[in-house]
Amino acid sequence: FLHRTHEDRRFQASKNAVKRLLAFEKKSSYKPILVEEPFEIKVGDVTLSGRFDRVDQRKGRGIIIDYKSTEVDDQDIADKKARDSHQLTIYAMAYRERFGELPESTQLHFVDTGLIGSAEKPEKDIAKGEKLIARVAEGIRAQNFTPTPSSFKCGMCDYRGACPDRAG
């Protein structure tokens, strides 16, 4: 924490987030089928492992939920983050491998604000994700670690204050 007041504000925000989450869950008709469930998938010659925060089932179809502590307070931004999320694409791949179909939707639950960003991950997104994974793996194998700054990436990076290549 930056200072005592910051710590107190974050503690209160955490308490509010838990209250909001409990209220949401009491009203929800979703049924969790997986919580903190590990997965491992092969994409080409690359093995990816991860962990679902939560997968719910509604009318027989899955909804992948990933919790975020990022403060997002605009619905359009929340939905864009879900649409653009490579992480959710990988989760959809893992869901498809386990259940034989793509999930109904993927969601980012922003616990600080209560907003939910939603996105479908159709086959075209899965194909783009597989190409990205292959390209990243190729770069790692070639030891190509050339920075690719962007305001989005740099805005989320813990090292933005010290990085000479940062954008924005």
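First things first, this report covers the structure right here in the doc. Note that this is a predicted model, so its numbers are computed, not measured.

Rules used in this analysis
Residues numbered from 1 in each chain as written. Predicted model: local features only at pLDDT ≥ 70, side-chain atom pairs only at ≥ 80, totals over all residues. Heavy atoms only, no water. Helix = DSSP H or I, 4+ residues; strand = E, 2+ residues; numbered from the N terminus. Contact = heavy atoms within 4.5 Å. Areas by Shrake-Rupley, 256 points an atom, 1.4 Å probe, with all protein chains shown as cover. Lys, Arg positive; Asp, Glu negative; His and termini not counted. Charge placed at Lys NZ, Arg CZ, Asp CG, Glu CD. Salt bridge = Lys/Arg side-chain N within 4 Å of Asp/Glu carboxyl O. Buried < 20%, exposed > 50% of the residue type's maximum accessible area, 1.4 Å probe, protein only. Patch = residues over 30% accessible without salt bridge, like charges linked within 9 Å, V, L, I, M, F, W, Y side chains within 5 Å. Pairing = 2+ DSSP bridges. Axes fitted to C-alpha atoms, helices over the stretch in contact; angles between N-to-C directions.

Summing up its helical and strand segments, the chain has five helices and five strands in all. N-terminal to C-terminal, the α/β element order of the chain is α-β-β-β-α-α-β-β-α-α. Across its three principal directions, the C-alpha atoms of the chain cover 50 × 45 × 25 Å. Within the chain, counting contacts between residues at least 6 apart in sequence, those at least 24 apart form 60% of the total. Summed over all atoms, the accessible surface of the chain reaches about 11200 Å², with 52% contributed by carbon and sulfur. Averaging the locations of the 30 positively and 27 negatively charged side chains of the chain gives two centres separated by 2 Å.

Once that is clear, we can look at unusual backbone geometry. The general pattern is negative phi for most residues beyond glycine and trans for most peptide bonds. Here Glu36, not a glycine, exhibits a phi torsion of approximately 50°, which is positive. Looking at the secondary structure, you find Glu36 in strand S1 (residues 31-43).

Using the criterion set out here, one finds 14 salt bridges in the structure. Here Arg4 ties to Asp8 by a salt bridge, and the two come within 3.3 Å at their closest N and O atoms. Of this pair, Arg4 and Asp8 both sit in helix H1 (residues 4-27), four residues apart, roughly one helical turn. Residue classification places Asp8 among the partly exposed positions, given a relative accessible area of 39%.

Now for a nonpolar patch on the surface. A contiguous nonpolar surface patch, about 320 Å² in accessible area, is contributed by Val136, Ile140 and Phe145. Summarising the element assignment, Val136 is placed in helix H4 (residues 123-141). Taking the relative accessible area as the measure of exposure, Val136 reaches 45% and is therefore partly exposed.

Strand order in the open sheet made by the five strands is S1-S2-S3-S4-S5, with mixed pairing throughout. The sheet is open, and its two borders are formed by S1 and strand S5 (116-119), each paired with just one other strand. The sheet shows a mean angle of 35° between the axes of neighbouring strands, taken without regard to direction. Inspection of the sheet shows strand S3 (residues 61-68) paired to strand S4 (residues 105-110) by six bridges, in the parallel sense. Paired with Ile64 across the two strands is Thr106, which belongs to S4. This element, H4, spans S1 and strand S2 (46-58) of the sheet and lies at about 150° to S2.

Let's shift gears to the pairing of S4. Across the six residues that make up S4, a large majority, six, are buried. Where S4 lies against S5, four bridges are found, and the strand directions are antiparallel. Its bridge partner being in S5, His109 is matched across the sheet by Ile116. Hairpin geometry of S4 and S5 is characterised by an intervening segment of five residues between the two adjacent antiparallel strands and by a positive phi of about 85° at Gly114.

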